[in-house]
Amino acid sequence: MQVLEDHPLKALHTFGCEARARLFAEARTLDELRAGLALGRERGLPVVLLGGGSNVLFQADLEALVLKVALDGLELAGEEGGQALVRAAAGVGWDALVEECLRRGLFGLENLSGIPGTAGAAPVQNIGAYGVELSESLHAIEALDRESGELRRLTARECRFGYRDSIFKRELLDRLVLCAVTLRLSRAPVPRLEYAALRDELQARGLARPAPREVREAVLAVRARKLPDPIELGNAGSFFQNPVVSAEAFAALRVAEPGAPGHPGPDGRVKLSAAWLVERCGFRGARRGDAGVHHAQALVLVNHGRASGRELLALGDEIRAAVLARLGVRLELEPRVY
Ligand SMILES: Cc1cc2nc3c(=O)[nH]c(=O)nc-3n(C[C@H](O)[C@H](O)[C@H](O)COP(=O)(O)OP(=O)(O)OC[C@H]3O[C@@H](n4cnc5c(N)ncnc54)[C@H](O)[C@@H]3O)c2cc1C
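Described below are features of the structure shown in this document. (Residues numbered from 1 in each chain as written. Predicted model: local features only at pLDDT ≥ 70, side-chain atom pairs only at ≥ 80, totals over all residues. Heavy atoms only, no water.)

**A look at the pairing of strand 11 (residues 151-155)**
Selection rule: For two strands to count as paired, DSSP must find a minimum of two bridges between them. Numbered from the N terminus, helices here are DSSP runs of H or I no shorter than four residues, and strands are runs of E no shorter than two.
Two elements, strand 10 (residues 138-145) and strand 11, share five bridges in a ladder whose sense is antiparallel. Considered in strand 11, the bridge of Ile141 is made with Leu154. Turn length for the strand 10-strand 11 hairpin, with the two strands adjacent in sequence and antiparallel, is five residues, and the turn residue Gly149 shows positive phi of about 80°.

Right, dumping it as structure tokens:
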């Protein structure tokens, strides 16, 4: 495994900010992963794991070994309860995985089409889109314990998934390297069409009973319209999570802001729209130097060219302070900041 010193990270994350890593290496096998972790220990450097870099923000140069997890391989791993088990190594591109499953006639991931990044990072924030979350299809994960060096297997239940949340962001933060995910997929189409923007798109296409591939195409089309392509405009998708508040807090917000949207969950708590809150505070299309808020999607912070991670973070802080002061709601960041 090649280890590079003082390596630029600009091309390795979708925000495209200038930052350098003290050391960088790409692990394609389990042995290389172990060697990378050992090298970090030897050199007294923390090891920062990287997949596709689509959910990170580097605010400065990293005095760390950045280890890109690039394990490859996709296989049918069996059947359970009439469903197919598909195992993907951590470095497999998420959208390539969705496409390949569809090609093999295995369904359940269509709504998650077009999400950038790797299979290995997908469980970290329990990726979700268009009314579906990864947790609904995830069967188990395999991971390398960074302390003991042992391989561990966690069932979906043990991953303690929540909205953009998992055990990997909490109790097991920075403890495991996810090496593979196993998904449980259906051989019969299981259309999930309750999300309004998706329904509207399908309706506009005249598809009352869409096939899974048509759902994928509709999702990709909506995403292409709503989200900036990181190749053209640096971004990490949603910069803020949708806040989940108590019913009382939502009622109070509604008194001040009768138009505030909210989706009650089964536990009685209400999911707010972070995009609406940001927009309400006047930040859609805002710009501070090259750090900006996307003109069409207030949830997405963008790098117009030479914004640094610090500048993007400062804009994020300004927005959070304004939303808290004006609307009394605390926003949390979605990307991991290093
Ligand atoms: C345009 C755009 C649209 C997006 N849309 C969505 C969306 O609709 N829904 C959604 O949920 N997300 C979305 N995202 C966010 C992002 O794509 C996902 O969070 C994705 O899962 C990140 O994968 P990655 O491989 O790029 O992770 P990275 O950004 O490389 O890493 C993210 C975090 O996971 C850790 N990590 C990475 N790999 C591993 C591993 N193998 N083991 C342990 N930890 C690891 C990293 O250390 C880091 O803390 C979007 C991003 C962009 C740029």
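Continuing now.
**Brief notes about the side chain of Thr182**
To keep things clear, this is the line we draw: Throughout, a contact is declared for two residues whenever any of their heavy atoms are within 4.5 Å.
Looking at the secondary structure, you find Thr182 in strand 12 (residues 176-185). If sequence neighbours within four positions are ignored, Thr182 has contacts with Leu85, Val86, Arg87, Ser137, Leu138, His139, Ala140 and Glu142.

**What about the site of the ligand?**
Note the following rule: Put simply, a residue is near a molecule or strand once any heavy atom of it comes within 4 Å of that molecule or strand. Here a polar contact means two N or O atoms within 3.5 Å. Within protein one must be a hydrogen donor candidate and the other an acceptor candidate, and residues neighboring in sequence count only if both atoms are side-chain atoms. Accessible areas in this description were obtained via Shrake-Rupley with a 1.4 Å probe; residue shielding takes into account the shown protein chains only. The nonpolar class holds Ala, Val, Leu, Ile, Met, Phe, Trp, Tyr, Cys and Pro. Asp, Glu, Lys and Arg form the charged class, and all remaining residues, Gly among them, are polar.
Surrounding the ligand, one finds 34 residues, the nearest of these being Leu49, Gly51, Ser54, Asn55 and Thr118. At 2.8 Å, a backbone N or O of Gly53 approaches an oxygen atom of the ligand. A distance of 2.7 Å is found between an oxygen atom of the ligand and a backbone nitrogen or oxygen belonging to Asn55. Protein coverage of the free-state accessible area of the ligand, which is 970 Å², stands at 94%. Those elements giving two or more residues to the shell around the ligand turn out to be strand 3 (47-50), strand 8 (128-129), strand 12 and strand 13 (234-238). Grouping the constituent residues of the shell around the ligand by class yields 18 nonpolar, 13 polar and three charged.

**Section: helix 2 (residues 94-103)**
Put simply, the rule is: Exposed residues in this analysis have more than 50% of their type's maximum accessible area, buried residues have under 20%, and partly exposed residues fall in between, with area computed by a 1.4 Å probe over protein chains only.
Those residues of helix 2 that fall on the buried side of the exposure criterion are Trp94, Leu97, Val98, Glu100, Cys101 and Leu102. On its buried face, helix 2 sits against strand 6 (74-80), strand 7 (83-89), strand 12 and helix 4 (212-226). Following helix 2 by one or two positions, Gly105 adopts a phi angle in the positive range, close to 75°.

**Quick word on the sheet that holds strand 3**
This is how the line gets drawn: Angles run from 0 to 180 degrees between N-to-C directions of axes, and those axes are lines fitted to C-alpha atoms, restricted for helices to the stretch in contact.
Pairing in this open sheet of four strands is mixed, and the strands run 1-2-5-3 from one edge to the other. One side of each edge strand has no neighbouring strand; the edge strands of this open sheet are strand 1 (3-8) and strand 3. Between one strand and the next, the sheet's axes are offset by a mean angle of 35°, whatever the strand orientation. Sheet analysis places strand 2 (residues 20-27) next to strand 5 (residues 62-69), joined by six bridges and oriented parallel. Within the sheet, the bridge partner assigned to Ala27 lies in strand 5 and is Val69.

**What about the environment of Gly234?**
The residue Gly234 is located in strand 13 in this model. Sequence-wise, Gly234 and Leu151 are 83 residues apart; in three dimensions their C-alpha atoms are separated by 35 Å. With residues near it in sequence (within four places) discarded, Gly234 still touches Thr14, Phe15, Leu301, Val302 and Asn303.

**Thoughts on the packing of aromatic side chains**
This is how the line gets drawn: Between rings of Phe, Tyr and Trp, where Trp is taken as its six-membered ring, a pair exists when centres lie within 6.5 Å; planes separated by under 30 degrees are stacked, by over 60 edge-to-face, and by other angles tilted. Comment: the charge-over-ring label is applied if NZ (Lys) or CZ (Arg) is within 6 Å of the ring centre and within 35 degrees of the ring normal.
Inspection of the entire model under this criterion finds four aromatic pairs. Ring geometry for Phe15 and Phe239: centres 6.1 Å apart, planes at 75°, overall edge-to-face. Pair noted here: Phe15 is in the loop between strand 1 and strand 2 and Phe239 is in the loop between strand 13 and strand 14 (244-245), with a separation of 224 residues, a long-range link. Considering the side-chain rings of Phe239 and Phe240, the 5.3 Å spacing of their centres and the 85° angle between planes classify their relative orientation as edge-to-face. We classify Phe239 as buried; its relative accessible area is 0%. For Phe240, a relative accessible area of 1% corresponds to the buried category. Aromatic ring contacts, followed pair by pair, group Phe15, Phe239 and Phe240 into a single cluster. Lys271 extends its terminal NZ or CZ atom over the ring of Tyr163, reaching a point 4.0 Å from the ring centre.

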